[in-house]
Amino acid sequence: MRRGRWQNPSTMPRPIEALIHIEALAHNLRRARASAPDARVWAVVKANAYGHGIERAFEGLRGADGFALIDLAEAERVRALGWRGPILLLEGVFEARDLELCSRLDLWHVVHCEAQIDWLAAHKTTRPHRVFLKMNSGMNRLGFRPQAFRSAWTRLNALPQVDEISLMTHFSDADGARGIAYQMEVFSEATRDLPGERCVSNSAATLRHAAAADVRADWVRAGIMSYGSAPDYPEHDIAHWDLRPTMTLRARLIGVQALQPGDTVGYGSAFRAEQAMRIGIVACGYADGYPRHCATGTPVLVDGVRSRTLGRVSMDMIAVDLAPVPQADFGTEVTLWGRGPNGSVLAIDEVARAAGTIGYELMCALAQRVPVTVTD
Ligand SMILES: Cc1ncc(COP(=O)(O)O)c(C=O)c1O
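Quantities reported herein were computed from a predicted structural model and do not represent experimental measurements. For every chain, the first residue of its written sequence is number 1, and the numbers climb from 1 along that sequence. Local features in this predicted model are restricted to residues whose pLDDT is 70 or higher, and side-chain atom pairs enter the listing and the counts only when it is 80 or higher, whereas totals over whole chains, interfaces and linings include all residues. To obtain the side-chain values, all non-hydrogen atoms of the structure were included, while hydrogens and water were left out.

A tally of regular secondary structure across the protein chain gives twelve helices and 19 strands. Based on C-alpha atoms, the radius of gyration is set beside the globule rule, defined as 2.2 Å times the residue count to the power 0.38. For 376 residues, the compact-globule formula gives about 21 Å, and the C-alpha radius of gyration of the protein chain, at 23 Å, lands near that figure. Considering only C-alpha atoms, the protein chain reaches an extent of 75 × 45 × 35 Å along its principal axes. By the burial criterion, 56% of the 376 residues in the protein chain qualify as buried. Accessible surface, the protein chain as shown: approximately 15,900 Å² in total, 48% of it carbon and sulfur. Note on charges: Lys and Arg go in the positive column, Asp and Glu in the negative column, and His and the chain ends are not counted at all. Working definition for charges: the position is that of NZ of Lys, CZ of Arg, CG of Asp or CD of Glu. Side-chain charges in the protein chain split into 42 positive and 42 negative, and the spacing between the mean points of these groups amounts to 2 Å. Note on conventions: DSSP H or I runs of at least 4 residues are helices, E runs of at least 2 residues are strands, and numbering of each starts at the N terminus. Whether a residue is buried, partly exposed or exposed follows from its accessible area with a 1.4 Å probe, protein chains only, as a fraction of its type maximum: under 20%, in between, or over 50%, in that order. For the area figures, the Shrake-Rupley method with a 1.4 Å probe applies, and any residue is considered shielded solely by the protein chains shown.

On to the environment of Ala 352. Locating Ala 352 in the fold gives a position in helix α11 (residues 348-354). C-alpha separation for the pair Ala 352 and Tyr 290, spaced 62 residues apart in sequence, amounts to 9.4 Å. Excluding residues within four positions of it along the chain, Ala 352 makes contact with Thr 357, Ile 358, Gly 359 and Leu 362. The contact definition used throughout considers only heavy atoms, calling two residues in contact when any of these lie within 4.5 Å.

Nearness of a residue to a molecule or strand requires only that one of the residue's heavy atoms be within 4 Å of it. Close to the ligand lie Lys 46, Tyr 50, Lys 134, Arg 141, His 170, Asn 202, Ser 203, Arg 221, Gly 223, Ile 224 and Tyr 360. In this structure, Ile 224 approaches the ligand through a main-chain N or O atom, which is 2.8 Å from an oxygen atom. Coverage of the ligand by the protein amounts to 91% of the 390 Å² it exposes when considered alone. Taken together, the residues that form the shell around the ligand break down as three nonpolar, four polar and four charged. A 3.5 Å cut-off defines polar contacts: any pair of N or O atoms within that distance qualifies, except that in protein one atom must be a possible hydrogen donor and the other a possible acceptor, and neighbouring residues in sequence count only when both atoms are side-chain atoms. Here the term charged refers only to Asp, Glu, Lys and Arg, the term nonpolar to Ala, Val, Leu, Ile, Met, Phe, Trp, Tyr, Cys and Pro, and the term polar to all other amino acids, Gly among them.

Tracing the backbone shows Thr 169 in strand β7 (residues 162-169). On the basis of relative accessibility, which here comes to 0%, the residue Thr 169 falls in the buried class. Of note is the side chain of Thr 169, whose polar atom sits 2.8 Å from the backbone oxygen of Met 135. The contact partners of Thr 169, leaving out residues within four places of it in the chain, are Met 135, Ser 137, Phe 187, Cys 199, Val 200 and Arg 221.

Glancing now at the packing of aromatic side chains. Within 6.5 Å between ring centres, the rings of Phe, Tyr and Trp (the latter by its six-membered ring) count as paired, and their orientation is classed by plane angle as stacked under 30 degrees, edge-to-face over 60, tilted in between. As enumerated under the stated definition, the model contains eleven aromatic pairs in all. Residues Trp 108 and Trp 219 carry aromatic rings whose centres are separated by 6.0 Å and whose planes lie at 85° to one another, so their mutual orientation is edge-to-face. Pair noted here: Trp 108 is in strand β5 (residues 108-111) and Trp 219 is in strand β9 (residues 219-222), with a separation of 111 residues, a long-range link. Its relative accessible area of 12% is what places Trp 108 among the buried residues. Taken together, Trp 42, Trp 108, Phe 132 and Trp 219 form an aromatic cluster joined through their ring pairs. Placement of a positive charge over a ring is assigned whenever Lys NZ or Arg CZ falls within 6 Å of the ring centre and within 35 degrees of the normal to the ring plane. A cation over an aromatic ring shows up here: Arg 130 above the ring of Trp 108, its NZ or CZ 4.2 Å from the ring centre. Note that Arg 178 overlies the ring of Tyr 182, its terminal NZ or CZ placed 3.4 Å from the centroid.

With that out of the way, let us pick up the pattern of salt bridges. A side-chain nitrogen of Lys or Arg and a carboxyl oxygen of Asp or Glu constitute a salt bridge if their distance falls within 4 Å. Evaluation of the coordinates by the stated rule reveals 21 salt bridges. Among the ionic pairs, Glu 197 bridges to Arg 130, the shortest N-O distance being 2.7 Å. Of the two residues, Glu 197 sits in the loop between α8 (181-191) and β8 (198-201) while Arg 130 sits in strand β6 (residues 129-135), which places them 67 residues apart along the sequence. Here Arg 192 and Glu 189 are joined by a salt bridge, their closest N and O atoms 2.7 Å apart. Accessibility assignment for this pair places Arg 192 and Glu 189 in one class, exposed.

Okay, the pairing of strand β13 (residues 277-282) next. Most of β13 sits inside the fold, with five of its six residues counted as buried. Judged from the six bridges that link them, strand β10 (residues 247-259) and β13 form a sheet pairing that is antiparallel. Counted as the bridge partner of Leu 253 is Val 282 from β13. Each pair of strands is called paired provided DSSP finds at least two bridges between the two strands. Across four bridges, the pairing between β13 and strand β16 (residues 318-321) is antiparallel.

Here, the term nonpolar core denotes a set of buried Ala, Val, Leu, Ile, Met, Phe, Trp, Tyr and Cys residues that are joined through side-chain atoms within 4.5 Å. Ranked by internal contacts, the top residues of the largest apolar core, which has 114 residues, are Leu 156, Tyr 290 and Leu 336. In this structure Tyr 290 touches Cys 284, Gly 285, Thr 298, Pro 299, Val 300, Thr 309, Val 313, Ile 318, Leu 336, Trp 337 and Val 351, once residues within four positions along its chain are discounted. Within the second largest apolar cluster, nine residues are counted, among which are Leu 259, Val 265, Ala 273 and Ile 281.

The subject of this paragraph is the sheet that holds β5. One closed barrel holds the eight strands; their spatial order is β2-β3-β4-β5-β6-β7-β8-β9, and the pairing between them is parallel. Adjacent strand axes in the sheet meet at a mean angle of 30° when their direction is disregarded. With six bridges joining them, β6 and β7 adopt parallel strand pairing. Bridge pairing in β7 links Lys 134 to Met 168. Lines fitted to C-alpha atoms define the axes here, with helix axes fitted over just the stretch in contact, and angles between the N-to-C directions of these axes take values from 0 to 180 degrees.

That bond from Tyr 233 to Pro 234 is cis: its omega, 5°, falls within 30 degrees of zero. Here Pro 234 lies in the loop between β9 and α10 (238-241). Located in the positive-phi region is Tyr 50, a residue other than glycine, with phi close to 50°. What makes Tyr 50 buried here is its relative accessible area of 7%. A positive phi angle, near 50°, is found at Ser 269, a position not held by glycine. With respect to the element layout, Ser 269 can be found in the loop between β11 (264-265) and β12 (271-272).

Following this line, the structure appears as structure tokens:
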């Protein structure tokens with residue numbers, strides 16, 4: 001097996017690995033800054049940095065102004081990396097005692113419901129907290145309704161446990177046709193004369209709407225764009241937004257078959273050859289996080305050349321068409337998503353679309369058994 005170019009062959013039980021691209025993370029973060037030049041940028045690192053691993057992604061994202069996440073244990077991990085700047089809990093605390101950790105680690109937290117204000121009011125601390133008061137401006141997940149927002153602000157403002165109050169909302173359709181105007185109007189109206197920094201935009205809003213006159217942004221929350229996925233794919237792709245893949249999933253061919261017309265491939269005989277053809281068997285399957293829903297025709301790069309999957313994805317293997325790559329053989333590198341050899345790129349968004357999902361889900365679902373290497 002040709003393993004020369006693999007980063008970490010000694011720890012590879014199978015010829016499969018994921019790469020995390022530090023430079024690409026830093027580049028994508030700069031893209032967020034360029035899109036909202038007057039704003040500070042939260043690098044959103046929830047869900048273990050969208051599957052990349054907080055510790056691995058940190059090096060690429062440390063140029064951010066702060067880290068936004070959900071899980072208190074993840075906040076502890078960011079502090080353990082030596083980060084002394086802002087950390088924001090995007091859903092706030094889940095129970096009263098979580099506030100002790102906020103005090104201890106100086107975590108900023110979202111306040112989206114009355115219970116969180118009650119807990120703060122009862123919290124004993126000498127260190128007042130910075131909070132982000134969240135409005136439900138139309139998404140209908142978390143937050144105070146516009147009519148209740150001002151009284152929540154007034155309550156918070158009266159608490160000695162609270163230092164500064166920022167104002168926040170989250171858009172449901174920043175990536176689509178409905179856009180953000182319907183929520184921006186509600187948010188702007190309900191916060192018109194309230195002091196405090198504003199934090200409203202996720203990646204899609206940052207890229208598509210940050211320049212809109214009414215979007216005052218003191219902070220933006222750059223999630224998926226940091227990880228090299230276009231938030232509004234397929235309307236726009238990563239090339240359009242000048243984003244770079246930050247995760248590569250690659251494996252090698254561990255088998256080659258010569259099919260005759262009428263031969264079928266894999267479980268359920270889901271692919272039938274119409275003519276003689278060579279196919280390769282890749283050491284990657286759904287147990288590695290490659291979506292089983294990808295049907296015949298899902299794009300892959302074989303030795304950097306675009307080809308397609310054939311038949312059903314199985315637990316540990318995928319079949320691919322070798323017709324466009326006659327030189328491919330046992331040991332040839334196959335890129336499932338990310339960066340291939342010779343500067344080739346297969347955006348995770350394309351594979352996600354073939355699976356009926358979004359890039360977020362694929363990167364978050366990278367399986368534990370896949371060895372991960374951090375690279376430039
Ligand atoms: C409140 C909040 N802000 C920001 C983000 C980041 O969104 P994106 O990854 O689309 O940039 C999320 C992600 O779901 C979120 O829930």
